[in-house]
Amino acid sequence: MTTAAKPTFPAPGHDHDRCTADAITHAEQICAGRAQNFTPIRRQVLRALLSSHRPLGAYEVIDELARVMPRLAPITVYRALDFLMQNGLVHRIESRNAFLACAHDHDDAAAVAFLICESCGSVGEIPAAPVAQALNEAARLTGFAPKLSVVEITGICAHCQAAGQSLSA
Ligand SMILES: [Zn+2]
Ligand SMILES: [Zn+2]
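None of these values were measured; they are calculated from a predicted model.

Colleague: Any chance you could explain the coordination of the zinc ion (ligand 2) here in plain terms?
Modeller: Coordination angles at a metal have ideal targets, namely 109.5 degrees for four tetrahedral donors and 90 or 180 degrees for six octahedral donors. Taken together, C117 (SG), C120 (SG), C157 (SG) and C160 (SG) make up the full set of protein donors to the zinc ion (ligand 2), lying 2.3 to 2.4 Å away. Classification of the site at the zinc ion (ligand 2) rests on its four donor atoms, whose angles at the metal span 103 to 120°, yielding the label tetrahedral. Spacing between the donor residues of the zinc ion (ligand 2) along their common chain follows C-x2-C-x36-C-x2-C. Residue C120 is located in the loop between strand 3 (112-117) and strand 4 (123-127), and its partner C157 is located in the loop between strand 5 (150-155) and helix 6 (158-163); the two are separated by 37 residues in the primary sequence. Residue classification places C120 among the partly exposed residues on the basis of a relative accessible area of 27%.

Here it is, written out as structure tokens:
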């Protein structure tokens, strides 16, 4: 079965086991390609983040994992998150102080925009290189030395718009 290009915001009721399996396979390939060790803890932390398309805070990751294994120390989870971020498998959503699993193949240096749904909490990711370039250029004109690579945009996803905000959880 071939997978079509993934929607930025998967529809409610989509086959999320498939999202999870694809993301784990992607992580295994990245780690193998970079000769990085995808340890059980790193795998568990990524799995916890893959429980939905909402980013999770570090303590939410700990709570999620505590349902299936002995409670992890925060430092253990932060180290695993650092590893996953360094390898492009997890993004930090600054405005939410939370972490999002990523199964995209993208250049580590390429700018992205995160679309954060204020209704369902899901976060989608789109390429944002032209926007980041334009903003960086405008900043440079003022003499500022910018390093913008991430744009975070809040709003309402198409599914929540269709469902009507009052109906969404
Ligand atoms: Zn999914
Ligand atoms: Zn939504």
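Colleague: How do you make sense of the domain arrangement of the chain when you look at a structure like this?
Modeller: Many authors give the size of an interface as the accessible area that is lost as the parts come together. Domain boundaries assigned for the chain yield domain 1 (14-103) and domain 2 (106-169). A C-alpha centroid distance of 21 Å is found between domain 1 and domain 2. Summed over both partners, the interface of domain 1 with domain 2 buries about 950 Å², with 56% contributed by carbon and sulfur atoms. Put simply, domain 1 and domain 2 have zero salt bridges between them. If one sorts the elements of the side of domain 1 that touches domain 2 by residue count, strand 1 (residues 90-93) sits on top with three residues. Of the residues that constitute the side of domain 1 that touches domain 2, the class distribution is four nonpolar, five polar and five charged.

Cut-off values and rules
- Residues numbered from 1 in each chain as written.
- Chains lettered and ligands numbered in written order.
- Predicted model: local features only at pLDDT ≥ 70, side-chain atom pairs only at ≥ 80, totals over all residues.
- Heavy atoms only, no water.
- Donors = N, O, S within 2.8 Å, 3.2 Å for Na, K, Ca; no water.
- Tetrahedral: all angles 85-135°; square planar, octahedral: opposite > 155°, others 65-115°.
- Helix = DSSP H or I, 4+ residues; strand = E, 2+ residues; numbered from the N terminus.
- Buried < 20%, exposed > 50% of the residue type's maximum accessible area, 1.4 Å probe, protein only.
- Domains from an automatic or database assignment.
- Buried area = accessible area lost by both parts, 1.4 Å probe.
- Salt bridge = Lys/Arg side-chain N within 4 Å of Asp/Glu carboxyl O.
- Nonpolar A, V, L, I, M, F, W, Y, C, P; charged D, E, K, R; others polar.

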